[in-house]
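Residues per chain, in single letters:
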Amino acid sequence: MHICKAFEMKDPNEQYHHLTRLIKLEEFGDYCNGHYLHTWNDGHRYLCKCPACKALLLVQVSEFHAYEDAYYKDFFAVASREEAIALNEQYDGWQIEREYTGRKIHQTF
Ligand SMILES: [Zn+2]
């Protein structure tokens, strides 16, 4: 399994810039198997490929709507589209952040 180098990076800025280059392959939307695919108020998940590493990542975007909105992104290393879909079916937005024990990156901005 190819793993994106971002999961090994110690420098958050380097990691952030690496992850801005991802190419979106497939949109999974905001709902799957009876649960939402985001935390807070709004969001969605999609499958990406890293052009540098040729690795696949599942990305979860979440929005918190308030006086000042907040945005969260989670990145998960996956081996295949099928693995990404399996994660969508197994974990809702909160569960994938808290319970998933594989390689993940959490960004707040
Ligand atoms: Zn990469």
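Data block above holds the structure.
In short, a report on the structure. (Residues numbered from 1 in each chain as written. Predicted model: local features only at pLDDT ≥ 70, side-chain atom pairs only at ≥ 80, totals over all residues.)

What follows deals with the pairing of strand E5 (residues 55–64). Here strand E4 (residues 42–50) runs beside E5; their pairing, made up of nine bridges, is antiparallel. Within the sheet, the bridge partner assigned to lysine 49 lies in E5 and is leucine 56. Where E5 folds back on strand E6 (residues 70–78), the antiparallel hairpin that results is connected by five residues. (Pairing = 2+ DSSP bridges. Helix = DSSP H or I, 4+ residues; strand = E, 2+ residues; numbered from the N terminus.)

Moving on: helix H2 (residues 81–90). Those residues of H2 that sit buried are Ala84, Leu87 and Asn88. Around the axis of H2, the buried residues are gathered within 100° of arc, so they sit on the same side. Opposite its buried face, H2 presents the exposed residues Glu82 and Glu89, each directed more than 90 degrees away. Looking at the buried positions of H2, the neighbouring elements they touch are strand E1 (23–29), strand E2 (31–32), E4, E5, E6 and helix H3 (93–98). (Buried ≥ 20, exposed ≤ 12 C-beta atoms within 10 Å, placed from the backbone. Arc of directions from axis to C-beta. Contact = placed C-beta atoms within 7 Å.)

Within the secondary structure, lysine 49 is located in strand E4. Overall, the presence of 18 C-beta atoms within 10 Å leaves lysine 49 in the partly exposed class. Residues lysine 49 and aspartate 92, 43 residues apart in the sequence, show an inter-C-alpha distance of 22 Å. If we ignore the near neighbours within four places in the chain, the residues touching lysine 49 are Leu22, Ile23, Leu25 and Leu56.

One non-glycine residue, tryptophan 40, adopts positive backbone phi at about 55°. Its place among the elements puts tryptophan 40 in the loop between strand E3 (35–36) and E4. Despite not being glycine, lysine 54 shows a phi value in the positive range, around 60°. Within the fold, lysine 54 resides in the loop between E4 and E5.

Bringing the nonpolar core into the picture now. The biggest cluster of nonpolar side chains holds 19 residues, and the ones touching the most others in it are Leu57, Leu58, Phe76, Val78 and Leu87. Breaking this core down by element, the ones donating at least two residues are E4, E5, E6 and H2. Every residue in contact with leucine 58, bar those within four places of it in the chain, is listed here: Arg45, Leu47, Phe76, Val78, Ala84 and Leu87. (Core = buried A, V, L, I, M, F, W, Y, C linked by C-beta atoms within 7 Å.)

We now examine the environment of threonine 101. Residue placement: threonine 101 occurs in the loop between H3 and strand E7 (104–108). The spacing of threonine 101 and valine 61 is 40 residues in sequence and 19 Å in space, taken between C-alpha atoms.

Turning to its location among the elements, isoleucine 105 is positioned in strand E7. Taking the C-alpha atoms as reference points, isoleucine 105 and isoleucine 3, separated by 102 residues in sequence, lie 13 Å from one another. Excluding its chain neighbours within four sequence positions, the residues that come into contact with isoleucine 105 are Ala6, Phe7, Gln15 and Phe75.

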